[in-house]
Amino acid sequence: MGLKLYTFPPSPRSFKVLWAANQLGIDYEFELVDFSKQAQKAPEFLALNPNGRAPVLEHDGYVLWESNAIVEYLASLKPQSGAMPSDVRAQNAVRKWLYWDSAHWDPACAIFAFERVVKPLFGLGETNEAEIARGMQLFQNVGAVLEGELKKHRYVAGETLTVADLAIGSALSIAERARFPTESFRNILRWQADLTSLPSWKKTVAMQQMPSA
Ligand SMILES: N[C@@H](CCC(=O)N[C@@H](CS)C(=O)NCC(=O)O)C(=O)O
């Protein structure tokens, strides 16, 4: 059966797991969860993820949801990549960024994603400027934390690329349309240029076009 990734590639959390698999060189089968057809709410998909959300991983009958758990699992299949260190303290120094992503970075980015990308894509109405203002405030706070870290080292958790970069950086896959307020964060922009120049990033960006093809 092998490893399957159920995703809707234009969404950043789906991009995250596809990018991780591409970066780690993991073979997978791609399964489109077509949001335009509400496939994420179909009974067969809900049987995999009762949240009715993508992404989902299935590996020889083992099912996993939550994008950061999936990225960690993918990294565990390629321990030699160093994407997740083996030492417990180093591991947690990386893992804390996965929690931070879920608790702080992703919710800030999600406001811009919903207002500027999801709404136009699915015809869900006008941008709510009050929400954008709330997003600006949140983003200034989380952006400053990330900027401070990236000032100290090349990647989020040190000098090498880890799952922390894959988890947090994936939001930037919609940076152009979402217009995250990154202009004053020089080190985030430098890191973004670094990530987006990776062959794995380019390969995953090409996959974002698939549903409308
Ligand atoms: N915390 C979850 C969030 C998953 C999530 O919200 N996915 C969105 C797309 S980015 C989704 O499936 N939305 C469809 C819906 O809510 O109907 C993760 O990181 O996997």
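These numbers come from a predicted model, not from an experiment. (Residues numbered from 1 in each chain as written. Predicted model: local features only at pLDDT ≥ 70, side-chain atom pairs only at ≥ 80, totals over all residues. Heavy atoms only, no water.)

*Asks:* Just checking my understanding: could you explain the packing of aromatic side chains for this structure?
*Replies:* What describes a pair of aromatic rings is the distance from one ring centre to the other and the angle between the planes of the rings. The full count for this structure, using the stated rule, is 14 aromatic pairs. Geometrically, the ring pair formed by Phe-15 and Trp-19 is tilted, given 6.2 Å between the ring centres and 45° between the ring planes. Of this pair, Phe-15 and Trp-19 both sit in helix α1 (residues 12-24), 4 residues apart, which is roughly one turn of that helix. Accessibility assignment for this pair places Phe-15 and Trp-19 in one class, buried. Note on Phe-139 and Phe-185: the rings are 6.5 Å apart at their centroids and 40° apart in plane angle, and the pair reads as tilted. Remark: Phe-185 occurs in the loop between α7 (175-178) and α8 (186-196) and Phe-139 occurs in helix α5 (residues 129-152); sequence separation between them is 46 residues. In terms of burial, Phe-139 and Phe-185 fall into one category: buried. These aromatic residues form a ring-pair network of at least three members: Trp-97, Trp-100, Trp-105, Phe-112, Phe-139, Phe-180 and Phe-185. (Phe/Tyr/Trp six-rings, centres within 6.5 Å; stacked < 30°, edge-to-face > 60°. Helix = DSSP H or I, 4+ residues; strand = E, 2+ residues; numbered from the N terminus. Buried < 20%, exposed > 50% of the residue type's maximum accessible area, 1.4 Å probe, protein only.)

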